[in-house]
Amino acid sequence: QVQLVESGGGLVQPGGSLRLSCAASGFTFSSYAMSWYRQAPGKERELVAGITSGSGSTNYADSMKGRFTISRDNAKNTVYLQMNSLKPEDTAVYYCNADLVVAGARNDYWGQGTQVTVSS
């Protein structure tokens, strides 16, 4: 059974930091590209950051560059999102995603999300 379980969300003041974790099970974690997405109330889900399998190359949405860092630990089947210098506009539900295309077929898994609220 595939599971992605996010944790680490919460309430933080502007300028603060949080570290999100996403623990994966039920699939070959190291083979999958992993990403973090977020969805704020009334807005569409957007990509925050991604990290490839293999080389672990990363990519970020422009508004997160320099503030957020995505990383993965294949030995622990976990992907992380370190978020620094948080702003109120970072408030959203953050979702973990696992993605792999094999022979033209996409395997795409999502976690249940973790709430991040940035407020004084």
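Anything mentioned here points back to the structure above.
The model shown is predicted, which means the values in this text are computed figures rather than measured ones.

The next subject is the environment of L100. Relative to the assigned elements, L100 resides in strand β9 (residues 92–102). Along the sequence, L100 and F29 sit 71 residues apart, while their C-alpha atoms lie 9.9 Å from each other. Residues within four places of L100 in sequence aside, it is in contact with S31, Y32, A105, R106 and N107.

Turning to the nonpolar core, a few remarks are in order. Core analysis: the biggest nonpolar cluster contains 30 residues, and M34, W36, V79, L81, M83 and Y94 have the highest contact counts within it. At the level of elements, β3 (18–25), β4 (33–39), β5 (46–51), β7 (68–73), β8 (78–83), β9 and β11 (114–118) are the ones that each hand at least two residues to this core. Among the elements that take part in this core, β9 stands out by supplying five residues, more than any other. Not counting residues up to four positions away in its chain, the partners in contact with M34 are L4, F29, A49, G50, I51, I70, R72, V79, C96, N97 and A98.

Phi is positive for N77, close to 50°, though the residue is something other than glycine. Its location among the elements puts N77 in the loop between β7 and β8. For A103, which is not glycine, the phi dihedral falls at a positive 50°.

What follows concerns the sheet that holds β8. Where strands meet in a sheet, backbone hydrogen bonds hold them as pairs that are either parallel or antiparallel. Pairing is antiparallel in the open sheet, where four strands are placed in the order β1-β3-β8-β7. The outermost strands of the open sheet, each flanked by one partner alone, are β1 (3–7) and β7. Pairwise comparison of adjacent strand axes, ignoring direction, gives a mean angle of 15° for this sheet. Relative to β3, β1 runs antiparallel, the two sharing five bridges. When the sheet's bridge partners are listed, Q3 is paired in β3 with S25.

The next subject is the side chain of R72. Positionally, R72 belongs in strand β7. Salt bridges are absent for the buried R72, whose nearest opposite-charge side chain, D73, sits at 8.4 Å. At 3.1 Å, the side chain of R72 and the backbone oxygen of T52 are in polar contact. There is a polar contact of 2.9 Å between the side chain of R72 and the side chain of N74. Leave out the neighbours within four places in its chain, and R72 touches F29, S30, Y32, A33, M34, I51, T52, S53, T78 and V79.

The rules we used
- Residues numbered from 1 in each chain as written.
- Predicted model: local features only at pLDDT ≥ 70, side-chain atom pairs only at ≥ 80, totals over all residues.
- Heavy atoms only, no water.
- Helix = DSSP H or I, 4+ residues; strand = E, 2+ residues; numbered from the N terminus.
- Contact = heavy atoms within 4.5 Å.
- Core = buried A, V, L, I, M, F, W, Y, C linked by side-chain atoms within 4.5 Å.
- Buried < 20%, exposed > 50% of the residue type's maximum accessible area, 1.4 Å probe, protein only.
- Pairing = 2+ DSSP bridges.
- Axes fitted to C-alpha atoms, helices over the stretch in contact; angles between N-to-C directions.
- Lys, Arg positive; Asp, Glu negative; His and termini not counted.
- Salt bridge = Lys/Arg side-chain N within 4 Å of Asp/Glu carboxyl O.
- Polar contact = N/O pair within 3.5 Å; in protein donor to acceptor, adjacent residues only side chain to side chain.

So far we have only geometry, and geometry alone does not tell us how the molecule works.
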